[in-house]
Amino acid sequence: VTGIKTHLNNIYNAKKVIITTGTFLNGLIHVGFNKLEAGRVGELSAKDLSSSLRELGLNLGRLKTGTCPRIDAKTINFEILEKQDGDAKPVAFSFRTKNFSPTQLPCYIAYTNETTHEIIRSNFDKAPLFTGQIEGIGPRYCPSIEDKINRFGDRDRHH
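> Explain the packing of aromatic side chains to me, and be specific about the residues and the numbers.
For the coordinates displayed, the defined rule picks out two aromatic pairs. Measuring from centroid to centroid gives 4.6 Å for F78 and Y108, while their planes differ by 55 degrees, and the two rings are tilted. Of this pair, F78 sits in the loop between α1 (47–55) and β5 (82–84) while Y108 sits in strand β6 (residues 107–109), placing them 30 residues apart in sequence. Here Y108 falls in the partly exposed class, since its relative accessible area comes to 31%. Residues F124 and F130 carry aromatic rings whose centres are separated by 4.7 Å and whose planes lie at 65 degrees to one another, so their mutual orientation is edge-to-face. The lysine or arginine in question, R155, covers the ring of F152, its NZ or CZ lying 4.8 Å from the ring centre.

Structure follows, in structure tokens:
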């Protein structure tokens, strides 16, 4: 390795390079029936890096991350949700971090019910997970809501 060259043709010489691609390596986002080559919405996929690594003989795979859709907080009635505050004394990821006092926002939990289960079941034919649009294996932190309803249909509610 002698460095990197970006898609804008910027060159950064380096003796060592650490690749931390996250979801950007050959990144793909599913929005309804559409697939977008991206790392996150509005950010480019690392397609050229993926090609370079493949040309070096490395095998590339894809894991399903199942990131939840984003919603506008102004459309939510937080009073009916279960509030979960963050840690009273949050701990930094690195022991080198000094003066760590991040602004924290609470999380809120909502639950599905039989009505939402039926809506989801009746739309399995549109879900990328079940139409074959999503191809991937491996662990998921949390199954998508349609996967929960499909795999754990005996439960009355899900987060």
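Picking up after the structure, the text goes on.
> Tell me about the pattern of salt bridges, and please be specific about residues and values.
Scanning all chains against the criterion turns up five salt bridges. The partner of K47 in a salt bridge is E37, with the nearest N and O atoms 3.1 Å apart. Of this pair, K47 sits in helix α1 while E37 sits in the loop between β4 (34–36) and α1; the two residues are ten residues apart in sequence, bridging distant segments of the chain. Relative accessible area serves as the criterion here: at 39%, K47 is assigned to the partly exposed category. Look at the salt bridges and you will find they share partners, linking E114, E118 and R121 into a network.

The rules we used
- Residues numbered from 1 in each chain as written.
- Predicted model: local features only at pLDDT ≥ 70, side-chain atom pairs only at ≥ 80, totals over all residues.
- Heavy atoms only, no water.
- Phe/Tyr/Trp six-rings, centres within 6.5 Å; stacked < 30°, edge-to-face > 60°.
- Helix = DSSP H or I, 4+ residues; strand = E, 2+ residues; numbered from the N terminus.
- Buried < 20%, exposed > 50% of the residue type's maximum accessible area, 1.4 Å probe, protein only.
- Lys NZ or Arg CZ within 6 Å of the ring centre and 35° of its normal.
- Salt bridge = Lys/Arg side-chain N within 4 Å of Asp/Glu carboxyl O.

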